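Next come the chains, spelled out residue by residue.
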Amino acid sequence: MGSWSRFLGVSLRPWSGHSPISLIVRGVLQFAICIILLITGLNMRATMREMYAVDDGARQVGGFLALAGFVLVVLGLVAALRIAVGVFDLVPRKSVPGTVVRVSERRFLDFLPDYVNNALWDRNRQAGRSFSERRKVRHELVLDTGDGIRAWTVRDIRKAHGIRVGQRVTVVASPLLGYVDRLESHL
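The paragraphs below set out a description of the structure included in this document.

Procedures and definitions
- Counting starts from 1 at the beginning of each chain's written sequence and moves along it residue by residue.
- Local features in this predicted model are restricted to residues of pLDDT 70 or higher, and side-chain atom pairs are both shown and tallied only at a pLDDT of 80 or more, whereas totals for entire chains, interfaces and linings draw on every residue.
- As a convention, hydrogens and water are excluded, and side-chain values are obtained from all of the structure's heavy atoms.
- Here, a salt bridge means any side-chain nitrogen of Lys or Arg that lies within 4 Å of a carboxyl oxygen of Asp or Glu.
- A run of H or I in DSSP counts as a helix once it spans at least four residues, and a run of E counts as a strand once it spans at least two, with each numbered from the N terminus.
- Note on exposure labels: buried denotes an accessible area under 20% of the residue type's maximum, exposed denotes more than 50%, and partly exposed covers the range between, all computed with a 1.4 Å probe on protein chains only.
- Given the number of residues in a helix, its expected span is that number minus one, multiplied by 1.5 Å.
- Only heavy atoms matter for contacts: two residues are in contact if any of them lie within 4.5 Å across the pair.
- Pairing between two strands is assigned when DSSP locates at least 2 bridges connecting them.

Remarks on the pattern of salt bridges
- Per the counting criterion, the structure on display carries four salt bridges.
- Notably, a salt bridge pairs Glu 140 with Arg 102, separated by 2.9 Å at the nearest N-O pair. Highlighted residues: Glu 140 in strand S2 (residues 137–144) and Arg 102 in strand S1 (residues 94–107), separated in sequence by 38 residues.
- Under the relative-accessibility criterion, Arg 102 is labelled partly exposed at 33%.
- For the salt bridge of Arg 182 with Asp 181, the shortest nitrogen-to-oxygen distance reads 3.4 Å.
- The exposure class assigned to Asp 181 is partly exposed, which follows from its relative accessible area of 29%.
- Salt bridges sharing common partners tie together Arg 93, Asp 181, Arg 182 and Glu 184.

As C-alpha cells, then:
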C-alpha cells in the first residue's frame, strides 16, 4: 500500500483484511438476494405489460422496474466478484517477515485535524449521543520488511495482542485480500 493510503486511513483493496470465508458467504447471500429480487421484478413487469397501453402509471412503474433491474444486475456482478476473490484467496498464504513499525487503531477520516473531527463526529455529545462511536474502526499493522513498508488491516485485534513496535514478526496473510491469518512473533 502506498503512503497516501495509510495517511488517509483507507485501503486500496475493497475488501481488505476480510476473511475469504466471510467474503464467500456474504457474496453468496448478496447474489441470492439479487437473483430473487430480479426474478420478482421480471415477473411483475411481465404481468404489467398488458396494462401499459391503458395506464400511464403502469408505464412509469415499468421504467422504475427496469432501472431497479439494472441496479440488481450490477450488485449481482459485484457479489459474483466477491465470491470469486474469496475462492481464489481461500488457500494460499504468504509469509512476510519484518519489524513492527506501528500497531494502531484507525478510524474513518482520522487524518483530519481534531477540531474538524470533533465538529463532524461529536455533534450530539450534549444529548448523550456521540457519532464518534459510529465511525468504522480498523486496526493497522505496519511492518518494515527490508524491501519497504507494508501495512495490513488486522480485523481480529486479538491476533496482534502482545505485538510491540520494534519487534520482529512474520505476518502470514492471504495474497489478494491481505487477510491476516496469524502473526508469528520472533523473540
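Some points on helix H2 (residues 20–48)
- Given a rise of 1.5 Å per residue, 29 residues ought to cover 42 Å, and the 42 Å separating the end C-alpha atoms of H2 matches this to within 8%.
- Along H2, the residues that are buried comprise Pro 20, Leu 23, Ile 24, Gly 27, Gln 30, Cys 34, Gly 41 and Met 48.
- Buried positions along H2 lie against helix H3 (56–88).

Thoughts on the side chain of His 139
- Secondary-structure assignment places His 139 in strand S2.
- Filtering out sequence-adjacent residues up to four positions away, His 139 remains in contact with Ser 104, Glu 105, Trp 152, Thr 153, Val 154 and Ile 157.

Brief notes about the pairing of strand S5 (residues 180–186)
- In the sheet, strand S4 (residues 168–173) pairs with S5 via six bridges, with the strands oriented antiparallel. Residue pairing in the sheet places Thr 170 in a bridge with Glu 184 of S5.

Treat this as a map of the structure, not an account of what it does.
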